[in-house]
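# Structural description and commentary
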Amino acid sequence: MSFSLTIFSGLFLTCICLLGVLALRLARKVRQQERDLGGLSQTLERSREHAEEQKHRLAERSDLDRAKDEFISTVSHELRTPLTSIRGALGLLSSGLLGNVDARAHNLLRIASTNTERLIRLINDILDLERMESGRSPVNLRRCSLVDLSREAVEMMSALAEAAQIRLEMNSYAAHDAIYFDADPDRILQVLTNLLSNAIKFSPEGSTVSLEIDANTDALSLKVIDRGRGIPVDKLESIFDRFQQVESTDSSKKGGTGLGLAICRSIIQQHGGLIWAQPNESWGQLDHNGAPTNPGIGDTASPREIAPLAERGEGLILVCDDDPGIRTVVREQLRRHGYDVIEAGSGEEVIALANEQTMRNAPSPAISAILLDHYLPGLNGWETLRQLKSSATTAAIPVVILSVSSPSERPLLVGEAQGWVQKPYNESLLLDELGRVLKSKAGTVKDPKHNLRTSRLTA
Amino acid sequence: MRRILIIDDEEDIREVAALSLEATAGWEIVTASSGADGILAAGNSKPVPDAILMDVMMPEMDGPTTFRMMQQNPELAGIPVILLTAKVQGVDQRRFADLGVAAVLFKPFNPLTLADQICEKLGWKD
């Protein structure tokens, strides 16, 4: 199981919470509800239709992704170019380096400069969010210390807090300080500094903003609490949407872009966590005590927040690629989403491992699916796949091809494999495809003989 | 005194960057509006520039191509080149880093700290 992350944070007498354990529970529930797909002919027909559909969808999606990538890159460049001249000219004029300007002119220059900076932040935030939500900015997971990361965030924000005359404190309710979890430290810092800076901006002078840490065996939680004006109950969810602020004048007065919390949510979701806002008890409008003593209660979070996490998987996946770098990336992505992973560097190794795992079944678990690269030294992907499918021991294991080729370039493989992901792939596409393949396997697995025949017939 | 060659197809950016480096660091600035002109300007400049600040996206010859051509000219190959780019995507950044340029700086740059950033990237202590 990958780590569970619960981050409780508060804005304006409110808490924003992130929760990870939910994902696992939900995924199990989803699996329980899956029904048998029905008779053999129906299954066959459907899987054929699916393969066809999938082929089209994949080709369309990768074309779309490429077009979108190019568009974003171009827009980013085209917007930054004029801004470079404007920012440069205004900066030099208002600095006084080129001679003094009178007070009224200086004030106008200041207005122009501030708004140029705001426009630049906005463009950066839009691109950041776009890249994250399209899966083009994958998180780089590393083992991190929760306490160290939190301390770093507090230190980074201390100058801002001091300028606003806010006291910044960090409290831990965990049993010890040695709390480690897998995360992208830069991204988590981005979330924490964003929440802290929001909290500072909306706090009255002389008040305190706290970052609270808690952890148990199931989950980690981080809470940012302030004593500011508070978020109205009807806005608790919408503040995480793009360009949604509590008051329409907030972005001009407080200097935000209106995208900060949307970015935070995106980052936390990529980590398999959950983020939300919660009024503090003194608001009294919601029956919450604010403390994340039982982060497993799913009702406090809206279904919209949970939905992207429902793809969480379970099972042992054999990942085969001759490039160890790709194996590592795929392994980390799958582990983060709840899968167990074993690796193989060649087709021969895949066949050996698949046979071994299937034969001795207990105590080691059977392989749920194989992710197979096509270009392999020695036995290539196609030959590996043929051998797997022609052996009664391994024929039932679904195979997803992970290849730089598109399905239309390799029609033979399409007929044999149960799924296809084209490289360079995006993470959600990989998880969707794997989830789909495992799901259709789960639909027929009740009768193992039945399942085997299906596979043979498809082959 | 340091001499810097700025290569950018946008006249406004050449002007702002030149003014910024002149006003904040007192450097001498030479400018060129294309990669080809930049190579000529670098060769004609006596002494050769201490550093070249070059745009990435330029018509005809882009920054990376111009850089590669300079590397083939023994007179120019030793001049540190800093790419100034409006592209901030990770893919682009990695591509630039692989070229072997001295540094990559991003647009929009801050006109008051541009000279400091160049000094820092090139290890200049002035």
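Residues numbered from 1 in each chain as written. Chains lettered and ligands numbered in written order. Predicted model: local features only at pLDDT ≥ 70, side-chain atom pairs only at ≥ 80, totals over all residues.

## With respect to the overall build of chain A
The condition that has to hold: Numbering of helices and strands starts at the N terminus; helices are DSSP runs of H or I of at least 4 residues and strands are runs of E of at least 2. Working definition of burial: number of other C-beta atoms within 10 Å of the residue's own, with buried at 20 or more, exposed at 12 or fewer, and partly exposed in between, all C-beta atoms being placed from the backbone.
When its secondary structure is counted, chain A shows 14 helices and 13 strands. Here chain A holds 459 residues, and 38% of them are scored as buried.

## Observations regarding the packing of helix α5 (residues 185-201) of chain A against helix α7 (residues 260-270) of chain A
Residues and elements named next belong to chain A. As a reminder of what qualifies: Simply put, an axis is a line fit to the C-alpha atoms, just over the touching stretch for a helix, and the angle between two N-to-C directions goes from 0 to 180 degrees. We call a crossing left-handed when the near helix sits turned anticlockwise from the far one by less than a right angle, and right-handed when that turn is clockwise. We call two residues in contact when the distance between their C-beta atoms, placed using the backbone, is within 7 Å. Polar here means any residue outside two lists: the nonpolar Ala, Val, Leu, Ile, Met, Phe, Trp, Tyr, Cys and Pro, and the charged Asp, Glu, Lys and Arg; Gly therefore counts as polar.
Two elements in contact, α5 and α7, have axes separated by 9 Å at closest approach and are oriented at 145°. Like other packed secondary-structure pairs, α5 and α7 cross with a definite hand, here left-handed. Touching R187, Q190, V191, N194, L195 and N198 of α5 are G260, C264, I267 and I268, all from α7. Broken down by class, the residue content of the contact of α5 with α7 amounts to five nonpolar, four polar and one charged.

## Some remarks on the interface of chain B and chain A
In this assembly, 20 residues from chain B lie in contact with 17 residues from chain A. Taken together, the residues of the side of chain B that touches chain A break down into 12 nonpolar, four polar and four charged.

## Points about unusual backbone geometry
Residues and elements named next belong to chain B. Here the bond from K46 into P47 is cis, since omega is -5°, no more than 30 degrees from zero. Within the fold, P47 resides in the loop between α2 (35-44) and β3 (51-55). We note that E60 has phi near 65°; this positive angle belongs to a residue other than glycine. Overall, E60 belongs to the exposed group, with 10 C-beta atoms counted inside 10 Å.

## Thoughts on helix α5 (residues 114-122) of chain B
All names here are of chain B. What counts, and what does not: Comment: arc refers to directions from the helix axis out to C-beta atoms.
Buried residues of α5: L114, A115 and I118, and no others. Looking straight down α5, one finds that the buried residues subtend no more than 100° of arc, so they occupy a single side. Residues of α5 that are buried make contact with α1 (11-25), β3 and β4 (81-85). Among the residues trailing α5, G123 stands out with phi positive, at a value near 70°.

## Let's talk about the sheet that holds strand β13 (residues 419-422) of chain A
Residue and element names in this part refer to chain A. Applied cut-off: Here a strand pair is declared whenever DSSP counts at least two bridges between the two strands.
Taken in spatial order, the five strands make up an open sheet running β10-β9-β11-β12-β13, and their pairing is parallel. Since the sheet does not close on itself, it has two edges, and those belong to β10 (340-344) and β13, each with one partner. Between one strand and the next, the sheet's axes are offset by a mean angle of 20°, whatever the strand orientation. Pairing between strand β11 (residues 367-373) and strand β12 (residues 399-403): four bridges, direction parallel. Residue pairing for β12: L372 is matched across the bridge by I401.

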